[in-house]
Amino acid sequence: MLKKLKPYLYLLPALFFLIIFTYYPVFRAIYLSFFKWNTSYPSKVFTGFSNYIDLFKNPDFWKVLKNSVIYSLSTIVISMSLALFLAIQVNKVLFMSSFYKVALFYPTVIPMAAAALIWKWMYIPDYGLLDFFLGKLGFPNINWLNNAKIALWSIIAVGIWKYIGYYMILFLAGLQNIPKSLIDAAIVEGANGRQRFSYVIFPMISSYTFFIFIINIINSLQAIDQVYIMTQGGPANSTNLIVYYIYEQAFRFWNRGIGATLTTILIIFLLVLVSFIFRSIGRRVYYEV
Amino acid sequence: MSKKILLIILTITLIVSLGWTEGKQEEKGVIYLRMYYPVGVAGALAKLMDSMVADFNKSQNEVYVESIFAGGYREAMEKAQTAFLAGKPPDVAVLDAPTLLTLLDINAIIPLDTFIDQEGGKSYVDEFIPAFMKIARHDGKIWSIPWQRSTPILYYNRDFFREVGLDPEKPPATWDDLRNYSRKLTKTDTSGQVSRWGVEIAINFWLFKPLLLQAGGELDNEAGTKISIDTPESRVVFNFLLGMANEKIMPAVKQWAETVNDFTAGVTGILYNSTGALTHIRKSTKYDFNTAFLPAYKRRVCIEGGGNFFIFKTTKTHEAAAWKFIKWMTKPENTARWSLGSGYIPVKKAAFNIPEYKEYTDKWPQALTAYKQLMEVDTERNMMTHRVNEIVKLVNSTTEEIMGGADLDATLKQAQAKADKILEAYQ
């Protein structure tokens, strides 16, 4: 009897924390999403799906969703391809290769909050670092964070810059794990550079690519620090991303019900996304034995 | 085997019990109070607050106040609300005065009339600058005591005025003056790039409301249950601002802190900002500058702003102790001391006769501008509504949209609909 129970007992501490910090909040959020609960209704009132309907009718919600999709897609595509490109280059470099690795990895060790502050200063219009050099080169000044058409891309640039070194190091580990004999064999068979990449290198690092893809999705959907510090979601909600929007609704506006509804929507979206990714792409990943 | 189980259970109990350990316990006979306070710029002001609270603690031995720095106004309100919901509100807090209606909605604070009556009622209230008491009243009761108060004022760079041939003693008095002066002050290089703006007005409801009042409009109603933004008067304001932005004498969108830095760095000739920025500007600019009243249009009017003391619902003894603390902090000499360190306006009239403060205003007459404006110009209430944080965000982002080039009519119409939706429970 005890023998059968034993493994479960070992799982207990971890389960305890999972329940308190993950499962309970998730179910609590789902439960609260059916209540009107804000400063106009200080004690919560059950209203069924009205929070969901209110949100779907709210243009701000769709704007935030659109921003989040743009943010995620562009950070994923740009940072992964750039990181892979850089990893291949660094892998070829013999002279001062650790210098390049350290230089590219450096942003990863800076806390996002500090990095966001630095970038906020660089983005200052007219006399900030970026505009200063643009001016010297004869380009017009750009109002990086106050122009609703540009601000989101300024935020995206920070997100890419912050994580690219980390992804590059992971790709580099993948590249260096490819047995040299495989590449040599491909060369003997007469494969050119592009063929070597698409038929040997890329498939061999697919488990790394998949892992980077997953953490990239997580990082991009969790983006809040740089929004909080650099723009507070502005101008005119053009940089408001889903997690910041949840924070804003739940804590700044005290719309607990709406905050819970947004959380529920995000959870469902993530569940669908992750199960889709594991079913479709996850199966094609090659794990070396 | 059972040892292992015991160990696991012990570990769990230990971890759980850690959550229940209390902080500081009340010592015998001393009432221990927790105060949340925000300051815009951390550092110097937080130190000043801590030393003032320490002086209060030394001045008597019945009440001990712990001052807890809580970030900016928004963060302080978030923390106070969360602590209240968790059943452990601060005993006393300095919060943005317009959060009154939200604090009443969640039933978190007590009225102060009983305490005020003990101090002499009307005569005690009359010690404060009257314009600051408006926002403390609701439903015939007084709910807060003014602490760090301010008004928007105009800062202008006298060096630049001289440079372009304007009289440095004649700041712009009307909107027309403002536009004309800004045209003269703007510097554009050969490629059409603006290297110095005429005027900068940050996107902020607190600068928008006075403009709207000057144009003859209204923003929030007395009860705080409605705001009017889709009005002819708001179109007058936006057209005025857009006109200056299109002429490239004012940047269309700038944030609060950026405009202050621009003024100290000489990137703008004129600045709309809080009197609370005075000390910072005085210490960080090399230019000769002065302060002035806000330019007028149809009306000569401004608004007030800033933080008040609120007492949270706790116990009778704690509430009385909190009042004792507030009474001490707002003594003329103490409010003068806070003003000297910050640039805020002393909340009591008598503070202006304190020798140290007189010495300061003799040396820096700019510091008196806000006070004079309060006394000589119509001063209306800061924007105060229910769910005020959402309304603030709405007004700010509507302004950002319009100044960013969105269609005026459609944006205002949509903003009005959003505002009505936010406040629908109060109609």
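Check the entry above for the structure.
As the structure is a computational prediction, the values presented were derived from the model and not from experiment.

All right, on to the interface of chain A and chain B then. Between chain A and chain B, the contact holds 42 residues from the first and 39 residues from the second. Of all residues in chain A, the largest losses of buried area upon contact with chain B belong to A:Thr39, A:Arg252 and A:Trp254, amounting jointly to 17% of the total for that side. Our count for the contact surface shared by chain A and chain B stands at six salt bridges. Between A:Lys36 and B:Glu424 there is a salt bridge whose closest N-O contact spans 3.9 Å. Summed over the shared surface of chain A and chain B, the result is 19 residue pairs in polar contact (both at pLDDT 80 or more). At the level of secondary structure, the elements contributing two or more residues to the side of chain A that touches chain B comprise helix H1 (2–32), helix H3 (59–92) and helix H12 (242–252) of chain A. A total of seven residues in the side of chain A that touches chain B trace back to one element, the largest contributor, which is H1(A). Its residues assigned to classes, the side of chain A that touches chain B shows 22 nonpolar, eleven polar and nine charged.

Before going further, it helps to examine the packing of helix H11 (residues 232–246) of chain B against helix H18 (residues 388–403) of chain B. All names here are of chain B. Contact geometry of H11 with H18 gives a least axis separation of 10 Å together with a crossing angle of 45°. Considering their axes alone, H11 and H18 lie oblique with respect to each other. Relative to H18, H11 is oriented so that their crossing is right-handed. Residues Phe-238, Leu-241, Leu-242 and Ala-245 of H11 form the contact with H18, whose own contacting residues are Thr-399, Ile-402 and Met-403. Split by residue class, the contact of H11 with H18 holds six nonpolar, one polar and no charged.

Residue and element names in this part refer to chain B. The strand order across the open sheet built from five strands is S8-S9-S10-S7-S11, with neighbouring strands paired in mixed fashion. Lying at the two open borders of the sheet, with one neighbouring strand each, are strand S8 (187–188) and strand S11 (289–292). When strand S7 (residues 152–157) meets S11, the two strands line up antiparallel, connected through four bridges. Bridge pairing in S11 places Asn-157 opposite Phe-289.

With that settled, the discussion passes to the pairing of strand S10 (residues 268–274) of chain B. Residue and element names in this part refer to chain B. Along S10, seven of the seven residues are buried, which leaves the element largely enclosed by surrounding structure. By the bridge criterion, five bridges tie S7 to S10 in an arrangement that is antiparallel. Among the inter-strand pairings, Tyr-156 is bridged to a residue of S10, identified as Ile-270. Strand direction decides the pairing type here: strand S9 (residues 194–201) and S10, joined by four bridges, are parallel. Paired with Trp-197 across the strands is Thr-268, a residue of S10.

Conventions and cut-offs
Residues numbered from 1 in each chain as written. Chains lettered and ligands numbered in written order. Predicted model: local features only at pLDDT ≥ 70, side-chain atom pairs only at ≥ 80, totals over all residues. Heavy atoms only, no water. Contact = heavy atoms within 4.5 Å. Buried area = accessible area lost by both parts, 1.4 Å probe. Salt bridge = Lys/Arg side-chain N within 4 Å of Asp/Glu carboxyl O. Polar contact = N/O pair within 3.5 Å; in protein donor to acceptor, adjacent residues only side chain to side chain. Helix = DSSP H or I, 4+ residues; strand = E, 2+ residues; numbered from the N terminus. Nonpolar A, V, L, I, M, F, W, Y, C, P; charged D, E, K, R; others polar. Axes fitted to C-alpha atoms, helices over the stretch in contact; angles between N-to-C directions. Parallel < 35°, antiparallel > 145°, perpendicular 65-115°, else oblique. Left-handed = near helix turned anticlockwise from the far one by under 90°. Pairing = 2+ DSSP bridges. Buried < 20%, exposed > 50% of the residue type's maximum accessible area, 1.4 Å probe, protein only.

Take it as geometry only, folks, not as evidence of what the structure does.
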